[in-house]
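Architecture and fold: a report
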Amino acid sequence: NAGVTQTPKFQVLKTGQSMTLQCAQDMNHEYMSWYRQDPGMGLRLIHYSVGAGITDQGEVPNGYNVSRSTTEDFPLRLLSAAPSQTSVYFCASSRDRGKQYFGPGTRLTVT
Amino acid sequence: EDQVTQSPEALRLQEGESSSLNCSYTVSGLRGLFWYRQDPGKGPEFLFTLYSAGEEKEKERLKATLTKKESFLHITAPKPEDSATYLCAVQARQGAQKLVFGQGTRLTINP
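The structure presented is a predicted model; accordingly, all values stated were derived computationally and were not measured. (Residues numbered from 1 in each chain as written. Chains lettered and ligands numbered in written order. Predicted model: local features only at pLDDT ≥ 70, side-chain atom pairs only at ≥ 80, totals over all residues. Heavy atoms only, no water.)

1. Looking at the overall build of chain A
To be explicit about the condition: Numbered from the N terminus, helices here are DSSP runs of H or I no shorter than four residues, and strands are runs of E no shorter than two. Within these notes, the globule rule equals 2.2 Å times the number of residues to the 0.38 power, and the radius of gyration is based on C-alpha atoms. Only protein chains enter the accessibility calculation, which uses a 1.4 Å probe; a residue whose area is less than 20% of its type maximum is buried, one above 50% is exposed, and one in between is partly exposed. Any two residues having at least one pair of non-hydrogen atoms within 4.5 Å are treated as being in contact. Positive residues here are Lys and Arg, negative ones are Asp and Glu, while His and the chain termini are left out of the count. Where a charge sits is defined by one atom per residue type, namely NZ (Lys), CZ (Arg), CG (Asp) or CD (Glu).
Broken down by element type, chain A carries 0 helices and 11 strands. Each helix (α) and strand (β) of chain A, taken in turn from the N terminus, gives the series β-β-β-β-β-β-β-β-β-β-β. Its C-alpha radius of gyration of 13 Å places chain A within 12% of the 13 Å reference for a compact globule of 111 residues. Buried residues in chain A amount to 50% of all 111 residues. In chain A, the share of contacts with a sequence separation of at least 24, taken over all contacts with a separation of at least 6, comes to 53%. Positive and negative charge centroids in chain A, built from 10 and 8 side chains respectively, lie 7 Å apart.

2. Observations concerning the overall build of chain B
When helices and strands are counted, chain B shows 0 helices and 11 strands. Written out in order from the N terminus, the α and β elements of chain B read β-β-β-β-β-β-β-β-β-β-β. Counting only C-alpha atoms and orienting by the principal axes, one finds that chain B spans roughly 45 × 30 × 20 Å. Counting all 111 residues of chain B, 47% fall into the buried class.

3. A word on the interface of chain A and chain B
Bring the parts together and some accessible area is lost; that lost area is often taken as the interface size. To be explicit about the condition: Joining two parts hides part of their accessible area as seen by a 1.4 Å probe, and the buried area is that hidden amount summed over both. One side-chain nitrogen of Lys or Arg within 4 Å of one carboxyl oxygen of Asp or Glu is enough to make a salt bridge.
Contact residues are listed per partner, giving 21 residues for chain A and 19 residues for chain B. Of the roughly 1,600 Å² buried where chain A meets chain B, counting both sides, 54% is carbon and sulfur surface. In this structure, the connection of chain A to chain B is made through 0 salt bridges.

4. What to know about the sheet that holds strand β7 (residues 62-66) of chain B
Residues and elements named next belong to chain B. We count it as follows: Any two strands are treated as partners once DSSP identifies two or more bridges connecting them. Structural elements are reduced to axes, namely lines fitted to C-alpha atoms, with helices fitted over the stretch in contact, and the angle between N-to-C directions of any two is expressed from 0 to 180 degrees.
Judged by pairing direction, the sheet is antiparallel, and its 5 strands sit side by side in the order β1-β3-β8-β7-β6 without closing on themselves. Two strands lie at the open edges of the sheet, namely β1 (3-7) and β6 (56-59), each paired on one side alone. Within this sheet the neighbouring strands show an average axis-to-axis angle of 15°, counted without direction. For strand β3 (residues 19-26) and strand β8 (residues 70-75), the ladder comprises 6 bridges, and the chain directions are antiparallel.

5. Quick notes on the state of the cysteines
Applied cut-off: Any cysteine sulfur atom paired with another within 2.5 Å is treated as part of a disulfide.
Counted under the stated rule, the structure contains 2 disulfides over all chains. Sulfur-sulfur distance for the disulfide between Cys23(A) and Cys91(A) comes to 1.8 Å. Judged by the sign of its S-S torsion, about -70°, the cystine formed by Cys23(A) and Cys91(A) is left-handed. Placement of Cys23(A) in strand β3 (residues 19-25) and of Cys91(A) in strand β9 (residues 87-94) is noted, with a sequence separation of 68 residues between them. Take Cys23(A) and Cys91(A): they sit in the same class, and that class is buried. Disulfide pairing places Cys23(B) opposite Cys88(B) at an S-S distance of 1.9 Å. Note on the Cys23(B) and Cys88(B) pair: the S-S dihedral is about -60°, so by sign convention the disulfide is left-handed.

6. Some thoughts on the pairing of β9(A)
Residues and elements named next belong to chain A. Within β9, 8 of the 8 residues are buried, which leaves the element mostly enclosed by the surrounding structure. On β9, burial covers both faces: Ser87, Tyr89, Cys91 and Ser93 on one face and Val88, Phe90, Ala92 and Ser94 on the other are all buried. Sheet topology note: the strand β4 (residues 31-38)/β9 ladder contains 7 bridges and is antiparallel. Bridge pairing links Gln37 to Val88 in β9.

7. A closer look at the packing of aromatic side chains
Selection criterion: Each aromatic pair joins two rings of Phe, Tyr and Trp (for Trp, the six-membered one) with centres within 6.5 Å, and gets the label stacked for planes under 30 degrees apart, edge-to-face for over 60, and tilted for any other angle. Placement of a charge over a ring requires the Lys NZ or Arg CZ to be within 6 Å of the ring centre, with the centre-to-atom vector within 35 degrees of the ring normal.
Applying the stated criterion across every chain yields a total of 7 aromatic pairs over all chains. Aromatic pair Tyr35(A) and Phe102(A): ring centres 5.6 Å apart, planes at 40°, arrangement tilted. Of this pair, Tyr35(A) sits in strand β4 while Phe102(A) sits in strand β10 (residues 101-102), placing them 67 residues apart in sequence. Pairing Tyr36(B) with Phe101(B) gives two aromatic rings, centres 5.9 Å apart and planes at 45°, and the pair type is tilted. Within this pair, whereas Tyr36(B) is found in strand β4 (residues 30-38), its partner Phe101(B) is found in strand β10 (residues 99-101), the two being separated by 65 residues in sequence. An aromatic cluster of at least three residues, connected via ring pairs, comprises Tyr35(A), Phe102(A), Tyr36(B), Phe46(B) and Phe101(B). A cation over an aromatic ring shows up here: Arg68(A) above the ring of Phe74(A), its NZ or CZ 5.9 Å from the ring centre.

Spelled out as structure tokens, the structure:
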């Protein structure tokens, strides 16, 4: 199993550009989440999904969209990038809402 | 509001010098408390889940304990490879999948 994979590993955007961070898992997990990690802030939940076709907002959802058309994939879309969205983004999945498996992260810089 | 506070922010030990990391939490009905290890540039890696006060779990040189207000991660005779950031997170019973993370403790073990 590859586990949770994320692409790209690094990305630089200009303010106002849009992009999609990709996340995929091959463990047939129902639950998937997106977090951002900033220095001194810990991991904060952006959006999560409890199954295909079902998504909900986390703690810091503004400026981000998600969709879940398949069990395997959970992309995160930045609609109009802002410098405040400079961060490291982690995708995670879990089988039973408990133990989460994290991907390697995407380091995003918005200039 | 669910909250997690970890202390200290950073800890530097000599190889073999045992110590403990603290995770204080407030949550409206605890479903689970999670410990993760995070190496630089990587995603968090699951260590333990604790569900009720008095519970303890061990893995190699690490032991996690839980009370009604806090959890401790005890590190016995640490080695340089134990150097990492240790993250604590709580999950409330009512939350769909919302882990609330502390800011982490950065542990450095000097040889």
